[in-house]
Amino acid sequence: MFNEIDQKAVNALRCLSIAQIEKANSGHPGLPMGVSPMAYVLWNKVMNVNPKKSDWHNRDRFVLSAGHGSSMLYSLLHLSGYDLSIEDLKNFRQIGSKTPGHPERKHTDGIEVTTGPLGQGIANAVGFAIAEKHLASLYNKKDFNIVDHYTYAICGDGDLMEGISYEAMSLAGHLNLNKLIILHDSNDICLDGNLNTSFSENMEQRVKAQNWNYIKVSDGNDLDEIYKAIKTAKENKNGPTFIEVKTIIGFGSKNQGTNKVHGAPIGQEDFAEAKKAYNWTDNDFHISDDVYDIFKENIIKNGEKAYSDWENLLNEYKEKYPEEYKEYISGFERKLPENWIDQVKKYSPEDDSLATRASGGEIIQDLAKVTKNFWGGSADLFSSNKTNIKDSERFSDKNPEGRNIWYGVREFAMSVIANGIVAHGGTFHHVSTFFVFSDYLKAGLRISALSHIPVTYVLTHDSVAVGEDGPTHQPIEQLAMIRSIPNTIMLRPADANEVRLAWKIALESKDSPVVIALTRQNVKNLEGTKDLDDISKGAYIISDSDKETPDGILIATGSEVELALETKEELKKSNIDVRVVSMPSMELFRNQDNDYKQKVLPKEVENRVSIEMATSFGWSEFTGDKGLNISIDRFGISGNFKDVKEELGFTKEEISKKYIQKFN
């Protein structure tokens, strides 16, 4: 099946990748030198993509989990006809280039997800496969398979050592994601030396135990064997497939098969020797027409035909199923019906007090009726997070239309799988766990933000009011941690109406993840929110002073807004009249113009108090040098939540006392 021009194309990938690294004097040559054969076979002979329509919904998805091998991916994208020029490749790892050190989603045409933190690409791929399976069950009709594609990933030994790979692959096998195929660059080398110094697992036994199919390719340079393995994998109807491909890291280098070729340029002398091994005579960054032609014939031409056939099918689908078509397209455009928020319940002060996790659960039921593209999951905490859609079943192999993913106790994998689901497109997806366990998923949330993936994170049990479970389950530093992540919207709503509007921000976000922190304990539905229709400015005056210039300002978030309002009344007994500001989002408030900031927090009012059951870190930005931060700069304690709050100073009497001591 393969001939000399195919081998020349493989070597073109190798040499183009090394040339980038040598010019930048930075990069990882070992992977492209060893992996280019399997990458070439996959891209040129198997994958169904259209480089001229790189956002085509039904394209096969590819993830380079071993993102340090980015130069090879950039070479593939360039040769395949994506919007990536030779000049872009020459600027590898340079400021402002389209070819950064690791692949970045929305930065380079054709990059599906941001990879580099090892293991996450595997979980992204699981997310893609879950999204494909779910959307196919929602929208495909007899003779109209408008959602029908595969997900491929290339990973290395380092990816498979990361704990997230176990979490994600375990769930993938459990869900029978048979259209997921992982190719393993099995070269027995890690960064520091031989793999056997730190890893000795039998990968065949491991993946079979996780309900995966296993195929081994003994020679990573054998194009026919690689093709045969992928073809067999595509025919599997039960379980995802893991293809272990035995490769030689840095193949062609004098140091091939060692860690010396992993993460540093090989140098011009060794590059010249490698070219001899590849029978490569062209100058750096020069690719002959016969190589371009084989990519054009197999990828561009075939991809354009596949896209055209799918587009014709979609147009027929539109005619026969107009409502399904409209909702399908709306999912990919992240569009919701006009005035959709009006379908979501509002709350009144006369309604019973509710924990915001409970009101959040009620709101989710309304959201589920707005669009069937809305779904979510929990890390074995649906009953506590209240994030399940009650009139839908669990997502499973037998019930892929189910709208509740039971992620199990896999917080990290959950967040990164969600990145894959949302990056795939077509649905609004939320994930949930306890707020304190955001520590487990922070690395996934960081990539959500970095790669502009609008996953919604619902994190409940958001303060020391968790109570008896004690300091292991009482978040202290997590608010500050999440607020510090760029391009992340952290929302801590005060009551049910703020929860409702927090969800509005989440579902309308296009480029930022949104984190919604919710209470375990009941809170009142506040008078100041009953007519509220927007919290997108991050902070607002929920109760003002009767004076033109307030004596002071109390700034609070979440359940502490109710406490701030009680403290306001307590201070009135001492003839102190303060303004109360609810600040559900520091980030959104920070983005407002100076006029709005001055309106809410006038500079002339220096008596400012923040009230939040978490670390004081970050609050001085809003309270100033002369302000007072009522906070918890220690770990929590176990006990009844009311006693815990009192012990830690979160009562109206104690805060009033501290206010008077500080400012009067």
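Because the structure is predicted, anything quoted here is derived from the model rather than measured. (Residues numbered from 1 in each chain as written. Predicted model: local features only at pLDDT ≥ 70, side-chain atom pairs only at ≥ 80, totals over all residues. Heavy atoms only, no water.)

Asker: Looking at this structure, how should I read the side chain of Arg 357?
Answerer: As for its placement among the helices and strands, Arg 357 is situated in helix H13 (residues 356-370). Although Arg 357 lies buried, it forms no salt bridge, and the closest oppositely charged side chain, Asp 462, sits 9.3 Å away as judged by the N-O distance. (Helix = DSSP H or I, 4+ residues; strand = E, 2+ residues; numbered from the N terminus. Buried < 20%, exposed > 50% of the residue type's maximum accessible area, 1.4 Å probe, protein only. Lys, Arg positive; Asp, Glu negative; His and termini not counted. Salt bridge = Lys/Arg side-chain N within 4 Å of Asp/Glu carboxyl O.)

Asker: Looking at this model, I keep getting lost on the nonpolar core. Mind explaining?
Answerer: The tendency in soluble globular proteins is for nonpolar side chains to be buried as a group. Of all hydrophobic cores here, the largest spans 72 residues; its most connected members are Phe 374, Leu 491, Trp 503, Leu 554, Met 583, Leu 601 and Ile 611. By residue number, the principal contributor to this core is helix H18 (residues 496-508), which donates eight residues. There are two domains that each give this core at least three residues, and those are domain 2 (340-529) and domain 3 (540-663). Aside from chain neighbours lying at most four places away, what touches Leu 554 is Ala 564, Thr 567, Lys 568, Leu 571, Val 578, Arg 579, Val 580, Val 581, Val 609, Ile 611 and Tyr 659. (Core = buried A, V, L, I, M, F, W, Y, C linked by side-chain atoms within 4.5 Å. Domains from an automatic or database assignment. Contact = heavy atoms within 4.5 Å.)

Asker: Hey, could you run me through the pairing of strand E14 (residues 514-517) in this one?
Answerer: Walk down a regular strand and you will see the side chains alternate between the two sheet faces. Both faces of E14 are covered, namely the face carrying Val 514 and Ile 516 and the face carrying Val 515 and Ala 517. As defined by bridge partners, strand E13 (residues 489-491) adjoins E14 across three bridges and the pair is classed as parallel. Each bridged residue has a counterpart across the sheet, and for Met 490 the counterpart in E14 is Val 515. (Pairing = 2+ DSSP bridges.)

Asker: How do you make sense of the sheet that holds E13 when you look at a structure like this?
Answerer: Strands pair in a sheet through their backbones, by hydrogen bonds, and they do so in one of two ways: parallel or antiparallel. Spatially, E10-E9-E11-E12-E14-E13 is the arrangement adopted by the six strands of the open sheet, whose pairing is parallel. Taken across any chain shown, the strands that pair with only one partner, and hence form the sheet edges, are strand E10 (404-406) and E13. Between one strand axis and the next, the sheet turns through 20° on average, direction left out of account. Summarising the sheet, strand E9 (residues 374-378) and strand E11 (residues 428-434) pair through five bridges and their orientation is parallel. Bridge pairing in E11 links Trp 375 to His 429. Here helix H16 (residues 438-450) sits on the sheet in contact with E11, strand E12 (456-460) and E14, set at roughly 160° to E12. Taken strand by strand, H18 contacts E9, E11, E12, E13 and E14, and its axis lies near 160° from that of E14. (Axes fitted to C-alpha atoms, helices over the stretch in contact; angles between N-to-C directions.)

Asker: Help me understand the UniProt feature "domain: Transketolase-like pyrimidine-binding" (unreviewed entry) in the protein, please; the structure alone is not making it clear to me.
Answerer: With numbering aligned to this structure, UniProt lists the feature "domain: Transketolase-like pyrimidine-binding" (unreviewed entry) at residues 354-525. In residues 354-525, helix accounts for 38% and strand for 18%; the two terminal C-alpha atoms are 8 Å from one another. (UniProt positions renumbered as here; feature names shortened; annotations may be inferred.)

Asker: Whenever I open this one, the packing of aromatic side chains confuses me. Can you help?
Answerer: Think of a pair of aromatic rings as described by two things: how far the centres are apart, and how the planes are tilted against each other in angle. Considering all chains together, one arrives at 24 aromatic pairs under this definition. Seen from their ring centres, Tyr 307 and Trp 310 are 6.1 Å apart, and the 40° between their planes marks the pair as tilted. One end of the pair, Tyr 307, and the other, Trp 310, are both in helix H11 (residues 289-320), three residues apart, so they sit about a helical turn from each other. Residue class for Trp 310 comes out buried when judged on its relative accessible area of 7%. A network of ring pairs unites the aromatic residues Phe 589, Tyr 596, Trp 619 and Phe 622 as a single cluster. Against the face of Tyr 150 rests Lys 234, its NZ or CZ located 4.8 Å from the ring centre. (Phe/Tyr/Trp six-rings, centres within 6.5 Å; stacked < 30°, edge-to-face > 60°. Lys NZ or Arg CZ within 6 Å of the ring centre and 35° of its normal.)

Asker: Can you walk me through the sheet that holds strand E18 (residues 578-582) in this structure?
Answerer: Taken in spatial order, the five strands of this open sheet run E16-E18-E17-E19-E20, and their pairing is mixed. Looking along the sheet, the strands with just one partner apiece sit at the ends: strand E16 (540-543) and strand E20 (628-630). Ignoring which end each strand starts from, the neighbouring axes of this sheet average 30° apart. Pairing of E16 with E18 involves three bridges; the strand directions are antiparallel. Of the residues in E18, the one forming a bridge with Ser 543 is Val 580.

Asker: Honestly, the environment of Gly 303 in this entry has me stumped. Any pointers?
Answerer: Mapping Gly 303 onto the fold places it in helix H11. For Gly 303, a relative accessible area of 3% gives the class buried. The sequence separation of Gly 303 and Met 47 amounts to 256 residues, and the corresponding C-alpha distance is 8.8 Å. When sequence neighbours within four positions are dropped, the list of residues in contact with Gly 303 reads Val 49, Asn 50 and Trp 56.

Asker: Sorry, what's going on with H18 here?
Answerer: Each α-helix turn comprises 3.6 residues. Residues three or four places apart therefore point the same way. Counted at 1.5 Å a residue, the expected span for H18 with its 13 residues is 18 Å, and the 19 Å between its end C-alpha atoms agrees. Summarising burial for H18: 11 of the 13 residues are buried, a large majority. Among all positions of H18, only Ala 496, Asn 497, Glu 498, Val 499, Arg 500, Leu 501, Ala 502, Trp 503, Ile 505, Ala 506 and Leu 507 are buried. Capping the start of H18 is the job of one residue whose side-chain oxygen sits 3.2 Å from the backbone nitrogen of Asn 497: Asp 495. (Expected span 1.5 Å × (residues − 1). Polar contact = N/O pair within 3.5 Å; in protein donor to acceptor, adjacent residues only side chain to side chain.)

Asker: How do you make sense of the side chain of Arg 500 when you look at a structure like this?
Answerer: Locating Arg 500 in the fold gives a position in helix H18. Buried charged residue Arg 500 carries no salt bridge. Nearest counter-charge: Asp 342, at 4.6 Å. For Arg 500, the residues in contact, after removing those within four places along its chain, are Ile 341, Asp 342, Val 344, Lys 345, Lys 346 and Ile 363.

Asker: Just checking my understanding: could you explain the pattern of salt bridges for this structure?
Answerer: Side chains that differ in sign of charge can pair as their charged atoms come close. The final tally for this structure, using the stated rule, is 32 salt bridges. Between Lys 179 and Asp 148 there is a salt bridge, and its shortest N-O distance comes to 2.5 Å. Of this pair, Lys 179 sits in the loop between helix H7 (163-174) and strand E3 (180-186) while Asp 148 sits in the loop between helix H5 (120-139) and strand E2 (151-156), placing them 31 residues apart in sequence. Residue classification places Asp 148 among the partly exposed residues on the basis of a relative accessible area of 38%.

Asker: Can you walk me through the UniProt feature "binding site: substrate" (unreviewed entry) in the protein in this structure?
Answerer: When the UniProt feature table is mapped to this numbering, "binding site: substrate" (unreviewed entry) covers His 28, His 262, Arg 357, Ser 384, His 461, Asp 469, His 473 and Arg 520. The greatest C-alpha distance among the residues just named is 48.4 Å, and with 493 residues of sequence between them they are spread in space as well. The subset of the named residues that lines the second largest pocket consists of His 262. Relative to the helices and strands, His 28 is located in the loop between helix H1 (4-24) and helix H2 (30-46). (1 Å grid on protein atoms, 1.4 Å probe; cavity = no way out; pocket = protein on both sides within 12 Å on 5 of 7 lines; lining within 4 Å.)

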